[in-house]
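Working through the structure, step by step
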Amino acid sequence: MKFYNTLTRRLEEFRPIEKGKVGLYTCGPTVYDYPHIGNYRSYVFEDLVKRFLLFAGLRVHHVMNITDIDDKTIRKAGELGVPLAEVTQKYIDAFHADLRTLNILPADVYPRATAHIPEMVSLISSLLDKGFAYEKDGSVYFSIERFPGYGRLANIERGNLKPAAAATHDADEYEKEAVQDFVLWKGKKPGEPYWPAAFGEGRPGWHIECSAMSMKYLGPHFDIHMGGVDNIFPHHENEIAQSECANGMTFVNYWLHCQHLIVDNKKMSKSLGNFHTLADLLQRGCDPMAVRYLLISAHYRKLLNFTFDSLEMAGQALARIKNFDFSLKSIHNPGEADPETAGLIAAAEKAFAGHLADDLNISGALGALFDFITKTNQRMTNLKQKDAVQVLAFLHRLNSVLGVLDAAEEKPLDAVIEEKIGEREAARKAKNFKKADAIRAELKARGIVLMDTPDGVKWKKE
RNA sequence: GGCGGCGUAGCCAAGUGGUAAGGCAGCGCUCUGCAAAAGCGUUAUUCAUCGGUUCAAAUCCGGUCGCCGCCUCCA
């Protein structure tokens, strides 16, 4: 399989460091507020990659950090007048709930920054010892001029900064030798949390946490690091600088970055106010699986424009897959399976996997799935239960990658509804269609859709 | 100022040299008590635009127009 590596700006064949295993690090949330669905585009994309690696038979060790100490979390706690840990725990819980709602597989570890301060202190000490960092007024900075590879990931030449940006660049409260140097350790300030360190009390900078925690759980050199494109610079660039200077070896082999979700041609962001949280969408009655489908349905390196129309279309496309699943489950014909079934499955699986192996070409993969659905629907009336079982197993194998079919929907009906359906059947037999339609409308209002088929009445949740 | 991306039917979106996947929406038909689902047919001589290379270009090269991102916290 091939991935587009931001570091080399080309498609590269993926080769794990250790055969059959993948070390995967993804940048997690800063827990000062609810994420919006633009944030979730990245997490859902990362989930797709992870699921595809698993589908391909690889064992994945996935680490996602939680940033629970930084300027924003401190500010939020100050505004609310509650302890930092109380604020961060609230948003951590909310984050995990959203991940479940979007059917995102959990990471193996969710390390929190505040639980790894000693590791960061030790890493900073090492950078100081090796001469890549310096202290100034109680803070510690990384000196980018001492790392020749700086700027390679983001393709930024030093000295090519926007003149205006360079001039006004963060004259912040911290003193640095060079304007582009970044902070590893922020000296203690009144009213802020702090931890002890050989180089003075204080708290970690944002970038150092990802280096320290990825190193702890994945080692100094691992396979894949992912995040949103806006993390390329400076965050990931800085991670590379810190990690490679401390360890003297390559940090990460493959860097994958997900493009932004946009709204009205503008990046969805908190500052522009043009965002929706997952809770907002659920409150409007949107199906979370349609949200997931929409977020994965465009190629990850292209902008995706969010509209309620496109969410509606995603829901309709998903409905085609669900109807297919539904039809297959209704087949109980006896007899031997048609040999053609296995052939069609093999061809579709090859096409599906082939497209995903081509830098996650999801459109191609979905095209292969829909082609298969159409072909199988054409054969549907002749299929035996033995065919249906094979096809269902295949569909669910593909869904192990897509994650858009929600198993939780398959709850049995309660007795009252069963009774209504029976009543309606009796009315239909008696040609009392008015009553039959009234019952159907009543059930529809409760989210149960009835379908009359040659095999008898079927139902599904809307 | 530097770096990078995008522009394919009503909408979404694949396709990077060989003659336009797929999804949604629409229209006609089949099935059906009516629906729903499903099927069949139909929906871009054309890929922002101009020019070039080639037997052949949406795909390569150059120009133009429009839009966006990064260079500062940000998925």
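Everything numeric in this text was worked out from a predicted model, so none of it was measured.

So, about the overall build of chain A. Of regular secondary structure, chain A possesses 15 helices and 15 strands. Overall, the C-alpha framework of chain A stretches about 90 × 50 × 40 Å when taken along its three principal axes. Residues classed as buried in chain A amount to 48% of the 462 residues present. For chain A, the exposed area adds up to about 21,700 Å²; of that, 53% sits on carbon and sulfur atoms. Once the 58 positive and 61 negative side-chain charges of chain A are each reduced to a mean point, those two points are 5 Å apart.

This brings us to the pairing of strand S10 (residues 252-258). Of all seven residues in S10, six are buried; the element is thus mostly enclosed. As paired strands, strand S9 (residues 222-228) and S10 are joined by six bridges and run parallel to one another. For Gly227, the partnering residue across the bridge sits in S10 and is His257. A crossover links S9 with its parallel partner S10, the connecting element being helix H7 (residues 232-247), and its sense is right-handed.

For the bond running from Phe233 to Pro234, omega is 5°, close enough to zero to count as cis. One can find Pro234 in helix H7. Phi at Asp264 is positive, roughly 50°, even though this residue is not glycine. By the element assignment, Asp264 lies in the loop between strand S11 (261-263) and strand S12 (266-267).

Moving on to the confidence of the model for chain A. Predicted confidence across chain A gives a mean pLDDT of 92, with 95% of residues reaching 70 or more. Long-range and interchain partners of residues 164-173, a stretch whose pLDDT sits below 50, account for six contacts in this model, where long-range means more than four residues apart.

Tallying each qualifying case throughout the model produces 21 aromatic pairs. Centre to centre, the rings of Tyr40 and Tyr43 are 5.8 Å apart; their planes meet at 65°, and the pair counts as edge-to-face. Remark: Tyr43 and Tyr40 occur in helix H1 (residues 37-55); sequence separation between them is three residues, near one turn of the helix. Given the relative accessible area of 0%, Tyr40 is considered buried. Each member of the aromatic cluster is reached from another via a ring pair, and the members are Phe132, Phe142, Tyr150, Phe182 and Phe233. Geometry around Tyr194 places Lys188 over its ring, the cationic atom sitting 4.0 Å from the centre. Over the ring of Phe275 we find Lys270; its NZ or CZ atom is 5.8 Å from the centre of that ring.

Here we come to the side chain of Thr6. Its place among the elements puts Thr6 in the loop between strand S1 (2-5) and strand S2 (10-13). Beyond its immediate chain neighbours, meaning those up to four positions away, Thr6 contacts Leu153, Ile232, Trp255, Leu256 and His257.

Moving on to the pairing of strand S7 (residues 182-187). When you tally the buried positions in S7, you get six out of six residues, the bulk of the element. For S7 and strand S8 (residues 202-204), the ladder comprises three bridges, and the chain directions are antiparallel. By the bridge assignment, Trp185 is partnered in S8 with Pro204.

On to the nonpolar core, then. By size, the foremost hydrophobic cluster in this structure holds 126 residues, and its most contacted members are Leu53, Phe142 and Ile224. In terms of residue count, the dominant contributor to this core is H1 (nine residues). Excluding its chain neighbours within four sequence positions, the residues that come into contact with Ile224 are Phe3, Phe14, Val22, Gly23, Leu24, Tyr25, Leu53, Val252, Tyr254 and Leu256.

Okay, the sheet that holds S8 next. Strand order in this open sheet of four strands is S5-S6-S7-S8, and the pairing throughout is antiparallel. Of all strands in the sheet, those bounded by a partner on one side alone are strand S5 (133-136) and S8. With strand direction ignored, the average angle separating the axes of adjacent strands in the sheet is 25°.

Here the focus is the domain arrangement of chain A. Taken domain by domain, chain A consists of domain 1 (2-258), domain 2 (278-409) and domain 3 (415-461). On a C-alpha basis, the centroid separation for the pair domain 2 and domain 3 is 28 Å. With four residues of domain 2 at the interface, the matching set in domain 3 holds six residues. A buried area of about 410 Å², summed over both sides, lies between domain 2 and domain 3, and 54% of it is on carbon and sulfur atoms. At the boundary of domain 2 and domain 3, one finds zero salt bridges. Joining domain 2 to domain 3, the criterion identifies one residue pair in polar contact (both at pLDDT 80 or more). Of the residues in the side of domain 2 that touches domain 3, the class split is one nonpolar, two polar and one charged.

This part takes up helix H10 (residues 308-329). Compared with the 32 Å implied by 1.5 Å per residue over 22 residues, the 31 Å span of H10 between its first and last C-alpha is a close match. Among the residues of H10, those classed as buried are Ser310, Leu311, Ala314, Leu318, Ile321, Phe324, Asp325 and Leu328. Seen along its axis, H10 keeps its buried residues to an arc of 135°; they face one direction. Residues of H10 that are exposed and point more than 90 degrees away from the buried face comprise Asp309, Met313 and Gln316. Tucked inside the fold, the buried residues of H10 contact helix H9 (288-296), strand S13 (304-305), helix H12 (362-379) and helix H13 (385-402).

The next thing to look at is the side chain of His207. Its place among the elements puts His207 in helix H6 (residues 206-218). Taking the relative accessible area as the measure of exposure, His207 reaches 10% and is therefore buried. Among the polar contacts made by the side chain of His207, one reaches the side chain of Asn238 at a distance of 3.2 Å. What His207 contacts, discounting residues up to four positions off in sequence, is Phe182, Pro234, His235, Asn238, Glu239 and Gln242.

The rules behind each value
Residues numbered from 1 in each chain as written. Chains lettered and ligands numbered in written order. Predicted model: local features only at pLDDT ≥ 70, side-chain atom pairs only at ≥ 80, totals over all residues. Heavy atoms only, no water. Helix = DSSP H or I, 4+ residues; strand = E, 2+ residues; numbered from the N terminus. Buried < 20%, exposed > 50% of the residue type's maximum accessible area, 1.4 Å probe, protein only. Areas by Shrake-Rupley, 256 points an atom, 1.4 Å probe, with all protein chains shown as cover. Lys, Arg positive; Asp, Glu negative; His and termini not counted. Charge placed at Lys NZ, Arg CZ, Asp CG, Glu CD. Pairing = 2+ DSSP bridges. Right-handed = clockwise from strand over helix to strand, strands pointing away. pLDDT = per-residue confidence, 0-100. Contact = heavy atoms within 4.5 Å. Phe/Tyr/Trp six-rings, centres within 6.5 Å; stacked < 30°, edge-to-face > 60°. Lys NZ or Arg CZ within 6 Å of the ring centre and 35° of its normal. Core = buried A, V, L, I, M, F, W, Y, C linked by side-chain atoms within 4.5 Å. Axes fitted to C-alpha atoms, helices over the stretch in contact; angles between N-to-C directions. Domains from an automatic or database assignment. Buried area = accessible area lost by both parts, 1.4 Å probe. Salt bridge = Lys/Arg side-chain N within 4 Å of Asp/Glu carboxyl O. Polar contact = N/O pair within 3.5 Å; in protein donor to acceptor, adjacent residues only side chain to side chain. Nonpolar A, V, L, I, M, F, W, Y, C, P; charged D, E, K, R; others polar. Expected span 1.5 Å × (residues − 1). Arc of directions from axis to C-beta.

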